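Coordinates in review
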Amino acid sequence: MTATDDRVTALTEERFERMSRPFGGEVPPPVDRSVLPPGPKWPALAQSAGLLRFRHRFVPWAHRKYGDVFTVRMIPHGRPLVMFTRPEHAKEIFAGDPEIFHAGKGNAILGPIMGEHSLLLQDSREHKRARKLLMPAFNGQALRTYESLVTELARAEVARWQPGSEFRALDRMNALTLEVILRVVFGVTDEQRLAELRPRVRKTVDVNPAILLAWGWPSLKKVGPWKRTVQNQRELDRLMYAEITERRQAPDLAERTDVLSRLIREGQGDDAQYPPLADEELRDQLVTLLLAGHETTASALAWTLHEIGRDEEQLRRAREAATNGDDAWLEAVLKESMRLHPVIAMVVRTLMKPATVGGLDLPAGTTVGPSILITHSRPDNHQDPQTFRPERFMGQNPPTNTWIPFGGGVRRCIGAGFSLMEGVAILRAVLSAYDVHAVGDEEPRVRNITSVPRRGARIRVTAR
């Protein structure tokens, strides 16, 4: 093992040790449950499993039983999570003072994987700095430079399909969006490094919810699947730090357009508002973009292809849009899929001071969050919500805070524009070459923090 390997191992071990204790290793003060909305009386472990593993049954059940606002207790320590389901509640939470409504604390379960510098885990001044440094890599001008490479990768993927073949759309979309992340975001072009990165990234994305739940007991990282997760992270970190080191020394760094190269350049120069990102910060932001932008987009695309393939009229309209360059309709199709099949179930904030939400006075330490699952399926938000109707997004948007796959407020997903651009480019490439036909029915299942088609959204493709 080299000195560099020793350093990476130490960094990985320190991250897991530090981030497995989201409250600094201290048990946070108890919250007076008598002031909280009603909710299940099960043990915290059972409620946590219900929310993270069986959310598509548990959350609708809790909504029917307890109403528009209800409390779930989470491990460790039975911490309260108050779920809100109305758009006016989401508006209050998204507009809440970021010094009080901390998103980083609410996302702490992801800390050992993403790292403390992750945009999703930072709050206050640290979050403002990181977002300021990342924003130029995702503005409109930057997105236009990425689109041609995304289209090229999508066409190469589709060219490998065989007319008449049947396969799991989720598998092919996962492979494609991973390639987009590695080449467009990481900027990796070396085939050997790509071959090393792919399996490490897949194992990171495919982490079981049980692994995430158990980080509150750091000793588990020495056994079984938790030990294997740490080992995989160590190897992924080694590859990523090597790429970062080489990129900093690249003679063409100033001309490169991938996200990593842009992030390295940000903060440099006499007029820079903030200092540039250190290696550890770059690593954490890249893993965040990987987890937030890889499988989420892949799952949305798989659901979209399955929905199009279930209805000949939807297929006809999408095919015409791809042929005629009608990106607005393709984007509407993608957005409607995100509404009908939410990939992320909720958005969360942890209260650092007492606050009032929805007329409820909630104590510090309470985590609050809009339920995306319920918000997207309420008939008073979306007429006939179980029907796939892309026209909801043509010429207008649904009422504010009734469509929230990217969250909202100052914490709205920084990669929202990238995700939509990527999805439209991929749909255009697929539907320009093939008609798609759904094979069998589908339902969601939980995979890590995301929801994916249980059977992989099987489709059959026929040449145009």
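Okay, so let's go over this structure. Here the structure is a predicted model, which means the values were calculated and not measured. (Residues numbered from 1 in each chain as written. Predicted model: local features only at pLDDT ≥ 70, side-chain atom pairs only at ≥ 80, totals over all residues. Heavy atoms only, no water.)

**A closer look at unusual backbone geometry**
Peptide bonds are mostly trans, and most non-glycine residues show a negative phi. With phi around 55°, Ser124 is a residue other than glycine that occupies positive phi space. Mapped onto the elements of the fold, Ser124 is located in helix α7 (residues 124-134). The backbone of Asp384 sits at a positive phi, close to 50°, despite the residue not being glycine. Checked against the element boundaries, Asp384 lands in the loop between α18 (372-377) and α19 (416-433). Assessed through its relative accessible area of 44%, Asp384 is described here as partly exposed. (Helix = DSSP H or I, 4+ residues; strand = E, 2+ residues; numbered from the N terminus. Buried < 20%, exposed > 50% of the residue type's maximum accessible area, 1.4 Å probe, protein only.)

**Remarks on the sheet that holds strand β8 (residues 367-370)**
Taken in spatial order, the 5 strands make up an open sheet running β1-β2-β8-β5-β3, and their pairing is mixed. Each having just a single partner strand, β1 (69-74) and β3 (101-102) make up the two edges of the open sheet. Where β1 meets strand β2 (residues 79-84), 6 bridges bridge the pair, whose relative direction is antiparallel. Residue pairing in the sheet places Met74 in a bridge with Arg79 of β2. Helix-sheet contacts for helix α2 (residues 44-53) involve β1 and β2, and the interaxial angle to β1 is about 115°. (Pairing = 2+ DSSP bridges. Contact = heavy atoms within 4.5 Å. Axes fitted to C-alpha atoms, helices over the stretch in contact; angles between N-to-C directions.)

**With respect to the sheet that holds strand β12 (residues 458-463)**
The 3 strands lie next to each other as β4-β12-β9, forming an open sheet whose pairing is antiparallel. The strands lining the two open edges of the sheet, one partner per strand, are β4 (166-168) and β9 (434-438). Strand after strand, the sheet turns through a mean of 35° between neighbouring axes, direction not considered. Pairing of β4 with β12 involves 3 bridges; the strand directions are antiparallel. By the bridge assignment, Phe167 is partnered in β12 with Ile459.

**Points about the pairing of β2**
The buried count for β2 comes to 6 of 6 residues, which makes it a mostly enclosed element. Residue alternation in β2 divides its side chains into two sets, Arg79, Leu81 and Met83 and Pro80, Val82 and Phe84, and both sets are buried. Count of turn residues in the β1/β2 antiparallel hairpin: 4 residues, of which His77 carries a positive phi of about 70°. By the bridge criterion, 4 bridges tie β2 to β8 in an arrangement that is parallel. If you follow Met83 over to β8, its bridge partner there is Gly369.

**So, the pattern of salt bridges**
Pairs may arise between side chains of opposite charge once their charged atoms sit close together. Counted under the stated rule, the structure contains 37 salt bridges. Measuring nitrogen to oxygen at the nearest pair gives 3.2 Å for the salt bridge that ties Glu147 to Arg428. Of the two residues, Glu147 sits in helix α8 (residues 140-159) while Arg428 sits in helix α19, which places them 281 residues apart along the sequence. Classification of Glu147 by relative accessible area gives partly exposed; the value is 24%. In this structure, Arg283 engages Asp284 in a salt bridge whose closest nitrogen and oxygen atoms are separated by 2.9 Å. Note on Asp284: relative accessible area 5%, which makes it buried. (Salt bridge = Lys/Arg side-chain N within 4 Å of Asp/Glu carboxyl O.)

**Quick word on the nonpolar core**
Ranked by internal contacts, the top residues of the largest apolar core, which has 97 residues, are Tyr146, Phe186, Phe418 and Val436. Here this core takes 11 residues from α19, the largest share from any one element. For Tyr146, the residues in contact, after removing those within four places along its chain, are Ala137, Val184, Thr257, Val259, Arg262, Phe418 and Met421. Counting 14 residues, the second-largest nonpolar core is a separate cluster that includes Val59, Met74, Leu81 and Ala345. (Core = buried A, V, L, I, M, F, W, Y, C linked by side-chain atoms within 4.5 Å.)

**Concerning empty space enclosed by the protein**
Per the counting criterion, the structure on display carries 3 cavities of 30 Å³ or more. By volume, the second largest cavity amounts to about 110 Å³. Along its surface, the second largest cavity is lined by 12 residues, and Val205, Val207, Leu291, Asn448 and Ile449 are the ones closest to its centre. When contributions to the lining of the second largest cavity are tallied by element, the ones reaching two or more residues are α6 (111-114) and α10 (191-205). Residue classes in the lining of the second largest cavity are distributed as 8 nonpolar, 3 polar and 1 charged. (1 Å grid on protein atoms, 1.4 Å probe; cavity = no way out; pocket = protein on both sides within 12 Å on 5 of 7 lines; lining within 4 Å. Points joined across faces, edges and corners; volume = space filled by probe spheres on them. Nonpolar A, V, L, I, M, F, W, Y, C, P; charged D, E, K, R; others polar.)

**Concerning the pairing of strand β11 (residues 450-453)**
As defined by bridge partners, strand β10 (residues 444-447) adjoins β11 across 4 bridges and the pair is classed as antiparallel. Paired with Val446 across the two strands is Ser451, which belongs to β11. In this structure, the hairpin formed by β10 and β11 is closed by a connection of 2 residues, where Asn448 is found at a positive phi of approximately 50°.

**A look at helix α14 (residues 279-293)**
Because an α-helix completes one turn every 3.6 residues, residues spaced three or four positions apart along the sequence face the same direction. With 15 residues, α14 extends 21 Å between its outermost C-alpha atoms, agreeing within 8% with the 21 Å of an ideal straight helix rising 1.5 Å per residue. With 13 of its 15 residues buried, α14 lies for the most part within the structure. (Expected span 1.5 Å × (residues − 1).)

**Focus: the layout of surface pockets**
In this structure, the largest pocket spans a volume of roughly 560 Å³. Residue lining of the largest pocket: 27 residues in total, with Leu340, His341, Pro342, Gln386 and Pro444 positioned closest to the centre. Going through the elements one at a time, α3 (55-66), α15 (295-309), α17 (327-340) and α18 are the ones with two or more residues in the lining of the largest pocket. In the lining of the largest pocket, the residues fall into 10 nonpolar, 9 polar and 8 charged.

**Focus: the side chain of Asn232**
Tracing the backbone through its elements, the reader meets Asn232 in helix α12 (residues 224-248). Asn232 sits in the buried class, given a relative accessible area of 5%.

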